[in-house]
Amino acid sequence: EAGVAQSPRYKIIEKRQSVAFWCNPISGHATLYWYQQILGQGPKLLIQFQNNGVVDDSQLPKDRFSAERLKGVDSTLKIQPAKLEDSAVYLCASSLMQISNEQFFGPGTRLTVL
Amino acid sequence: DAKTTQPTSMDCAEGRAANLPCNHSTISGNEYVYWYRQIHSQGPQYIIHGLKNNETNEMASLIITEDRKSSTLILPHATLRDTAVYYCIVRTEANQAGTALIFGKGTTLSVSS
């Protein structure tokens, strides 16, 4: 079974530029999460989707971050414009159901904002 | 979700058991204890979870105290590949929105030969 795929693995941009990350969850997984992990800290939820609907985006900085999951499968996370403090690893995870014992994480995208 | 307290770091010799403690003194009756680990440059990986009873799977054992205020993750025979950050998380499994994991800083386990 293929795992959660993310791309790109690394991205370096200047502040005020835009960037987008892509995630393809495990086939059949209805729930998709985006987490932000700043160096030295645990991951923090940004947004959770159930199929193509948003379940929780309370911690998403909506003035600059957006995410979509149009067909209920893959998802994109965008930052526009980026700030220095957005430098982090962005992790995508999926689970079979909303209430699920196990979340499967992708390898993450490491973003550096200069 | 309740908060957890874990030591910042621990060391373990290869082949020995690694016992990772976690305090969750404010845990509620419907909250489960989950353990994930994160190997360097990878995403977190599920290890095990439990409610009241001790649990064991192919990766580890989870021992939860009778009052449920603390737990211990046991890796019976640690290997170098077990070097990682280990996160203890408490989480409800009720039918509610927002079932994401709330991570702390975890315990960095270093296994050496």
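Cut-offs applied
Residues numbered from 1 in each chain as written. Chains lettered and ligands numbered in written order. Predicted model: local features only at pLDDT ≥ 70, side-chain atom pairs only at ≥ 80, totals over all residues. Heavy atoms only, no water. Salt bridge = Lys/Arg side-chain N within 4 Å of Asp/Glu carboxyl O. Buried < 20%, exposed > 50% of the residue type's maximum accessible area, 1.4 Å probe, protein only. Helix = DSSP H or I, 4+ residues; strand = E, 2+ residues; numbered from the N terminus. 1 Å grid on protein atoms, 1.4 Å probe; cavity = no way out; pocket = protein on both sides within 12 Å on 5 of 7 lines; lining within 4 Å. Points joined across faces, edges and corners; volume = space filled by probe spheres on them. Nonpolar A, V, L, I, M, F, W, Y, C, P; charged D, E, K, R; others polar. Pairing = 2+ DSSP bridges. Axes fitted to C-alpha atoms, helices over the stretch in contact; angles between N-to-C directions.

J.: Let's hear about the pattern of salt bridges: which residues, and what values?
T.: Across all of its chains, the model carries 3 salt bridges over all chains by this definition. Between Asp57 of chain A and Lys62 of chain A there is a salt bridge; the shortest N-O distance is 3.8 Å. Residue Asp57 of chain A is classed as partly exposed on the basis of its relative accessible area of 26%. Ionic pairing is found between Arg37 of chain B and Asp82 of chain B, a salt bridge with its closest N-O pair at 2.8 Å. Separated by 45 residues along the polypeptide, Arg37 of chain B in strand β3 (residues 31-38) and Asp82 of chain B in the loop between β7 (70-75) and β8 (84-92) bring together distant segments of the chain. Both residues of the pair, Arg37 of chain B and Asp82 of chain B, belong to the buried class.

J.: Pulling in residues and values, what's your account of the layout of surface pockets?
T.: A volume near 680 Å³ is recorded for the largest pocket. As for the largest pocket, its lining consists of 32 residues, and the residues nearest its centre are Gln37, Leu39, Gly40 and Arg110 of chain A together with His40 of chain B. Those elements giving two or more residues to the lining of the largest pocket turn out to be β9 (88-95) and β11 (109-113) of chain A together with β8 and β9 (107-112) of chain B. In terms of residues, the lining of the largest pocket owes the most to one element, β11 of chain A, which gives 4 residues. Looking at the lining of the largest pocket residue by residue, the classes come out as 13 nonpolar, 16 polar and 3 charged.

J.: Explain the sheet that holds strand β4 (residues 45-50) of chain B residue by residue, including any values.
T.: Residues and elements named next belong to chain B. Read across the sheet, 5 strands follow the order β1-β9-β8-β3-β4 without closing on themselves; strand pairing throughout is mixed. Every other strand in the sheet has two partners, leaving β1 (9-13) and β4 as the edge strands with one partner each. Averaged over neighbouring strand pairs, the angle between their axes works out to 25° when direction is ignored. Relative to β4, β3 runs antiparallel, the two being bridged by 5 bridges. The partner of Tyr34 across the bridge, within β4, is His49.

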